[in-house]
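For reference, the chains in residue letters:
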Amino acid sequence: MKYVCELCGWEYDPAEGDSEGGIAPGTAFADLPDDWTCPVCGAEKDQFSPA
Amino acid sequence: MRPVEIAPNVFEVGVRDWNIRDFHGYSTPAGTTYNAFLIRGETNVLIDTVKAEFTEELLSNIRAVMDPKDIDIVVSNHTEMDHSGGLPRIMAAVGQDKPLYCSKMGAKNLARHFRENWNLKEVSSSEEISIGSGRTLMFIETRMLHWPDSMFTYLKEDGILFSSDAFGQHYAGSEIFDDQMDMSELLFHAKKYYANILLPFSALIAKLLKAVGEMGLKLNMVCPDHGIIWRKDPGVILDAYDRWSRQETQNKAVVIYDTMWHSTEMMADAIVGGLVEAGVEQVRPISVRRSHRSDIMTEIMDAKVVMVGSPTLNNQIFPALMDVLTYMKGLKPQGKIAAAFGSYGWSGEAVKLLNAELSAMGFELPEEGIRIQYVPERDQLTLCHGLGLRMGLRAQGREV
């Protein structure tokens, strides 16, 4: 499931992962490390909600 | 300055901050402007305000066109205080119950700046309102360009985009329009603005430019909240943003360094020689304590090679250099190759620490860098020259 950052609107797509943050494609949002942050604005995981 | 009618019944009513030289840590040798726009018609609209201390001048400009009480709606494209600071006095003059249009994040952020009971109207992207006189305003959400609240307001029939901070420049002149300016000077100020404010959001800007292209908006005029209005050919600044948002680099190298007793400086000079010999067209040696971080970033934005030199001071990187590196890291320049160098006395940690900083920024580090104890001798400077030469060749995709 995709998740969207409440602060900046950036969307986390598990199919793409987050190359900048070292997150491989296919990683579910729930499996992201606790210290992972939004690559655009730096918001923490709890600022994301299901898209 | 008096208001200027930039299109029929559309007035620029903002102010000039001629003598500001430091804009929250960004050097502004040409000052800046806080642009605000007044549309006169069946519904009178004010778009954005100015820094709080200039509000009286904004009010006086508005009065030259109409009584502020006749303004029917106010639009806040961006919550940052150089554009919203005037809102409390403006709303008091316009009428506290008048609608204040902003994005969803704008409503949240305005509430955290001003403890006022304003009649906030949250708008979503592509939402339109008719303002009579055959005119329509459309709002375009531009989150993180450059704050979560940022949006554009588009005057549809006239093809005028009020673009908030996007496409702006810190430049205060008596000129209003791009056709009154020397284009290379104007683009320099626009580039510096992009490098220091918008660079970290480049991926979003690329997306936005694509989306605006697909919407097929006609753009007769682009009116940013700082500096000069683009009307002669708004395509010039759109093309520049396209290039900058893709972080295109040139055959260019920046050598930034600090020095205590000229040793790191000697190394920098030798590296510069190597870069030039490699055929790098633009080589920019910059001593960080004699240059402003915002000018350094403007040079770095389109450079392929970033060479960083620091002496080791009490086991650390030199502090003036850390200032620049911290600033640079936040602005997220991409697609660079880098190498570190520096002189040291006894322990010499700076090069290793610089390498860690540069790789944390995602720069490619093809070499370990060079550190030299105390004063370099001729052979050691030859090594520095060689480092510059190899980095310069790599920058051009040539064999090392």
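Chain B goes by Flavorubredoxin in an unreviewed UniProt entry, where it is assigned to Desulfobotulus alkaliphilus. Its UniProt record, at the heading Sequence similarities (unreviewed entry), says of chain B: "In the N-terminal section; belongs to the zinc metallo-hydrolase group 3 family."

Chain A is annotated in an unreviewed UniProt entry as Rubredoxin of Desulfobotulus alkaliphilus. Database annotation for chain A, UniProt heading Sequence similarities (unreviewed entry): "Belongs to the rubredoxin family."

Enquirer: Help me out: how do you make sense of the UniProt feature "domain: Flavodoxin-like" (unreviewed entry) in chain B in this one?
Expert: Within this numbering scheme, the UniProt entry marks residues 253-392 of chain B as carrying the feature "domain: Flavodoxin-like" (unreviewed entry). For residues 253-392 of chain B, helix accounts for 45% and strand for 24%, while the C-alpha atoms at its two ends are 8 Å apart.

Enquirer: Is there a simple way to think about the UniProt feature "binding site: Fe cation" (unreviewed entry) in chain A in this case?
Expert: UniProt's feature table lists "binding site: Fe cation" (unreviewed entry) at Cys5, Cys8, Cys38 and Cys41 of chain A, given in the numbering used throughout. Spatially, the listed residues are clustered: although they cover 37 residues, their C-alpha atoms lie within 8.8 Å of one another. Relative to the assigned elements, Cys5 of chain A resides in strand S1 (residues 3-5). Beyond its immediate stretch of four places on either side in the chain, Cys5 of chain A contacts Trp10, Cys38, Cys41, Ala43, Gln47 and Phe48 of chain A together with Arg143 of chain B. Relative to the elements of secondary structure, Cys41 of chain A occurs in the loop between strand S2 (11-12) and strand S3 (48-50). What makes Cys41 of chain A partly exposed here is its relative accessible area of 26%. Aside from chain neighbours lying at most four places away, what touches Cys41 of chain A is Cys5, Leu7 and Cys8 of chain A together with Met144 of chain B.

Enquirer: Where do I start with the environment of Asn44 of chain B in this structure?
Expert: Residue and element names in this part refer to chain B. Take Asn44: it is sitting in the loop between strand S7 (37-39) and strand S8 (45-47). Here Asn44 falls in the buried class, since its relative accessible area comes to 9%. Distance from Asn44 to Lys69, taken between C-alpha atoms, is 9.9 Å for residues 25 residues apart in sequence. Setting aside residues no more than four positions away along its own chain, Asn44 makes contact with Ile39, Met66, Asp70, Ile71, Asp72 and Ile73.

Enquirer: So what exactly am I meant to see when it comes to unusual backbone geometry here?
Expert: Excluding glycine, a negative phi dihedral is what most residues carry, and trans is how most peptide bonds are arranged. Residue and element names in this part refer to chain B. With an omega dihedral of 10 degrees, the bond running from Leu145 to His146 counts as a cis peptide bond. By the element assignment, His146 lies in the loop between strand S13 (136-141) and strand S14 (151-155). For Ser164, which is not a glycine, the phi torsion comes out positive at approximately 55 degrees. If you trace the backbone, Ser164 turns up in the loop between strand S15 (160-162) and helix H5 (183-198). Given the relative accessible area of 1%, Ser164 is considered buried.

Enquirer: Teacher, can you tell me more about a nonpolar patch on the surface here?
Expert: Judged by side-chain polarity, Met266, Trp346, Tyr374 and Val375 of chain B come together as a nonpolar surface patch covering roughly 480 Å² of accessible area. The topology assignment puts Met266 of chain B in helix H8 (residues 263-277).

What counts, and at which threshold
- Residues numbered from 1 in each chain as written.
- Chains lettered and ligands numbered in written order.
- Predicted model: local features only at pLDDT ≥ 70, side-chain atom pairs only at ≥ 80, totals over all residues.
- Heavy atoms only, no water.
- UniProt positions renumbered as here; feature names shortened; annotations may be inferred.
- Helix = DSSP H or I, 4+ residues; strand = E, 2+ residues; numbered from the N terminus.
- Contact = heavy atoms within 4.5 Å.
- Buried < 20%, exposed > 50% of the residue type's maximum accessible area, 1.4 Å probe, protein only.
- Patch = residues over 30% accessible without salt bridge, like charges linked within 9 Å, V, L, I, M, F, W, Y side chains within 5 Å.
- Areas by Shrake-Rupley, 256 points an atom, 1.4 Å probe, with all protein chains shown as cover.
- Salt bridge = Lys/Arg side-chain N within 4 Å of Asp/Glu carboxyl O.

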